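For reference, the chains in residue letters:
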Amino acid sequence: MLPLIIAGRTFRSRLFIGTGKFGSHDVMVRAMEASGSELVTVALRRVNLDAAPADDPILTRLDRSRVVIVPNTSGARTAEEAIRIARLARAAGGFDWVKLELTPDLHHLLPDPVETLRATEILAREGFVVLPYMNADPVLAKRLEEAGAAAVMPLGSPIGTNRGIRTRDMIEIIVSQARVPVIVDAGLGLPSHAAEAIELGASAVLINTAIATAADPVAMACAFAGAVRAAEMGVDAGPRAASAEASASSPLTGFLSA
Amino acid sequence: MNVTINGQERDVGSPSSLAALLEGLGVEARNVAVECDGAIVRCDQLAATPVRPGARIEIIHFVGGG
């Protein structure tokens, strides 16, 4: 596979990790290290002034010299809200990568394509490295690319559902047309789902729920890393196309005759 | 004076600046983003930014997310 380069930065691992839903920052950090991931996402929320902080600030637990930290815009319903979050993240921590997540419908958490495209245009112009979370729509993927997205992030299935890649045919079209990396995000519940994404030609996957909520998140992070690596090696090894007809693996001559 | 912080009205005394207001709330400035009346206030400007009565202030921090 071609080296994975986003906005000039090369990533050795094709497994990206979300930091939500972990039982503690300790477990999150150990899972992240076990995964070998070099890109993690974080979210922005209001500080709760009436409660003592439950844990250290998450940024103190992430080493920015080793991983790219990408704030997401979760909670935003409009382009304006997402842009506000991205600018706050830049002001707070100097982060200029942003994962656009614009999900007005709280039931399915599906991304709003119109608002996502608007926010991509504006934030790309402001110099952000924009990674838009999107439905697996090949036309939208091209529009986002033209608007300045540094990569596109089509969903496999809705966020947190663990249902795997239900958008397979559309992901294949997106991959075949894309000139930016394709990162399959959302819904991947098993290591085999991540492997499938890489085998389809995706450049990387982003996993959160499947690792964070596993009985053993650190072991699951290892499992995902192994699956992604195995799929990458398989792609590099040059798999042969599927065929409708059988093709004998053993010689068809020299049979013992009665 | 009263200001609205993260959607809740609070009496914050009379802080000399946004930096002093954060200190009074026990919030470490280097870990948060601050928006005052809709404008982002960069970390290095907090000490130079006054607080007016009735200001609408948002104090945001990073948390785990996917």
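If you're wondering where the values come from, they're calculated on a predicted model, not measured in any experiment.

**Q** Describe the overall build of chain B, listing the residues and the values that go with them.
**A** Check the secondary structure of chain B and you find 1 helix and 5 strands. The globule rule puts the C-alpha radius of gyration for 66 residues at 11 Å, and the 11 Å found for chain B is close to it. Oriented by its inertia axes, the alpha-carbon framework of chain B measures out at about 40 × 25 × 20 Å. For chain B, buried positions account for 42% of its 66 residues. Long-range pairs, those at least 24 residues apart, make up 52% of the contacts in chain B with a sequence separation of at least 6.

**Q** Go over the confidence of the model for chain B with me, naming the residues and quoting the values.
**A** The pLDDT averaged across chain B works out to 91; a share of 100% of its residues lies at or above 70. Reported confidences for the modelled complex are a pTM of 0.90 and an ipTM of 0.91.

**Q** An account of the packing of aromatic side chains is requested, with residue identities and associated values reported.
**A** All names here are of chain A. Summed over all chains, the structure comprises 3 aromatic pairs over all chains. Ring centres of phenylalanine 11 and tryptophan 97 lie 6.1 Å apart, and the angle between their planes is 75°; on these two criteria the pair is classed as edge-to-face. With phenylalanine 11 in strand S2 (residues 9-11) and tryptophan 97 in strand S6 (residues 97-100), the pair connects residues that are 86 residues apart, well separated along the chain. The residues phenylalanine 11 and tryptophan 97 share a single accessibility class, namely buried. Put simply, the rings of Phe11, Phe16 and Trp97 touch in pairs and so form one group of aromatic residues. Here the basic side chain of lysine 99 rests over the ring of tyrosine 133, its NZ or CZ set 5.4 Å away from the ring centre.

Scoring rules and cut-offs
- Residues numbered from 1 in each chain as written.
- Chains lettered and ligands numbered in written order.
- Predicted model: local features only at pLDDT ≥ 70, side-chain atom pairs only at ≥ 80, totals over all residues.
- Heavy atoms only, no water.
- Helix = DSSP H or I, 4+ residues; strand = E, 2+ residues; numbered from the N terminus.
- Rg over C-alpha atoms; globule rule 2.2 N^0.38 Å.
- Buried < 20%, exposed > 50% of the residue type's maximum accessible area, 1.4 Å probe, protein only.
- Contact = heavy atoms within 4.5 Å.
- pLDDT = per-residue confidence, 0-100.
- Phe/Tyr/Trp six-rings, centres within 6.5 Å; stacked < 30°, edge-to-face > 60°.
- Lys NZ or Arg CZ within 6 Å of the ring centre and 35° of its normal.

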